[in-house]
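Spelled out from the first residue to the last, the chains are:
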Amino acid sequence: IENDIEYDCINYIPDISIQIRGGDKLNEILSFGFSTTELDAYIKETLIQIEKIKKYDADIYIMTDTYSYFLNIEETINKTYPNIKFRSFVSKGQNGYHQNKFDNLNIEIKKEAYYFFLYELEFLRKSPICIGSYNSNIFYLAYLISYDSKFKYISVDTDFDSVFI
């Protein structure tokens, strides 16, 4: 995992970005009676997009709170495309975001987490292809503040209209 992105956040633009949430979001989705989207759907869509852009050394940013998601996506895609570069701020051992744990953190750690969140949101926003779920407020926000209407926001599990209309 490359945290050097922090020092070049202004200029960094991934070819493809992926936003996938774990942690308490999974429990929330299930509590509303929805099913969770399998990680394979994100991988499948990413492989489709790599083929469409024909960039087999693409730079892919993964915004996630679950290290195993990052590792699984990276390992699976690198089997087909070994020159793809993956980046993320997720830490080894990180297993989801849980609001109740975050609420109890020291204020300085919270501030740093907010900065990293804003960096990641900017990566999603600047990426010409962003893969996620419109069931995620973060993915939806990235879509709303995106730079260019030509950018692709691809939801793996639902379309925009069925979530917000």
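A few points on the structure. (Residues numbered from 1 in each chain as written. Predicted model: local features only at pLDDT ≥ 70, side-chain atom pairs only at ≥ 80, totals over all residues. Heavy atoms only, no water.)

## Details of the pairing of strand β2 (residues 59-64)
Note the following rule: Each residue's exposure class comes from its accessible area (1.4 Å probe, protein chains only) as a fraction of the maximum for that residue type: buried when under 20%, exposed when over 50%, partly exposed otherwise. To qualify as a helix, a DSSP run of H or I must reach at least 4 residues; to qualify as a strand, a run of E must reach at least 2; elements of each kind are numbered from the N terminus. In short, DSSP must find at least two bridges between two strands for them to pair. The handedness of a crossover follows from its direction of travel: if, with the strands pointing away from the viewer, the path from the first strand over the helix to the second runs clockwise, the crossover is right-handed.
Among the six residues in β2, six count as buried, and that is most of the element. The side-chain alternation of β2 yields two buried faces, one formed by D59, Y61 and M63 and the other by I60, I62 and T64. Bridge count for strand β1 (residues 16-20) against β2 is five bridges, and the pairing is parallel. Within β2, the position partnered with I16 by the bridge is I60. Examined bridge by bridge, β2 and strand β3 (residues 85-87) share three bridges and lie parallel to one another. Residue pairing across strands places I60 opposite F86, the latter belonging to β3. Read from β2 through helix α3 (residues 67-80) to β3, the crossover connection turns out right-handed.

## Notes on the packing of aromatic side chains
The geometry of an aromatic ring pair comes down to the distance between the two centres and the angle between the two planes. Put simply, the rule reads: Side-chain rings of Phe, Tyr and Trp (the six-membered ring for Trp) are treated as a pair once their centres are within 6.5 Å; stacked means planes under 30 degrees apart, edge-to-face means over 60, and tilted covers the remaining angles.
On inspection of all chains with the given rule, the structure shows 14 aromatic pairs. Judged by centre distance (4.5 Å) and plane angle (85°), the ring pair of F89 and F116 falls under edge-to-face. Here F89 is found in the loop between β3 and α4 (99-103), whereas its partner F116 is found in helix α5 (residues 107-126), with 27 residues between them in sequence. The burial state of F89 is the same as that of F116; both residues are buried. A network of ring pairs unites the aromatic residues Y12, Y61, F89, F116, Y119 and F123 as a single cluster.

## Structural notes on the pattern of salt bridges
Let me state the cut-off plainly: By salt bridge we mean one thing: a side-chain nitrogen of Lys or Arg within 4 Å of a carboxyl oxygen of Asp or Glu.
Evaluated as defined, the whole model comprises five salt bridges. With a shortest N-O distance of 3.8 Å, K54 and E51 are connected by a salt bridge. Since its relative accessible area comes to 55%, K54 is described here as exposed. The salt bridge involving E108 is made with K111; its shortest N-O contact spans 3.7 Å. Here E108 and its partner K111 are both found in helix α5, three residues apart, which amounts to about one turn of the helix.

## Brief notes about the nonpolar core
Put simply, the rule is: Definition of nonpolar core: a set of buried residues of the types Ala, Val, Leu, Ile, Met, Phe, Trp, Tyr and Cys, connected through side-chain atoms within 4.5 Å. Contact criterion: two residues are considered in contact whenever any of their non-hydrogen atoms come within 4.5 Å of each other.
Ranked by internal contacts, the top residues of the largest apolar core, which has 22 residues, are I18, I60, I62, I73, I77, I84 and F86. A total of five residues in this core trace back to one element, the largest contributor, which is α3. Ignoring anything within four residues of it in the chain, the contact list for I60 reads Y12, I16, I18, T46, I50, I84, K85, F86 and R87. Residues F116, L124, C130 and Y140 belong to the second largest nonpolar core, which totals 15 residues.

## What to know about the side chain of S136
Definition in use: As used in this structure description, the phrase polar contact means that two N or O atoms lie within 3.5 Å; if the pair is within protein, one of them must be able to donate a hydrogen and the other to accept it, and residues adjacent in sequence are counted only when both atoms belong to side chains.
Within the fold, S136 resides in the loop between β4 (129-132) and α6 (137-144). With a relative accessible area of 8%, S136 lands in the buried category. From its side chain, S136 meets the backbone nitrogen of F139 in a polar contact 3.3 Å long.

None of the figures reported here should be taken as evidence of function without further support.
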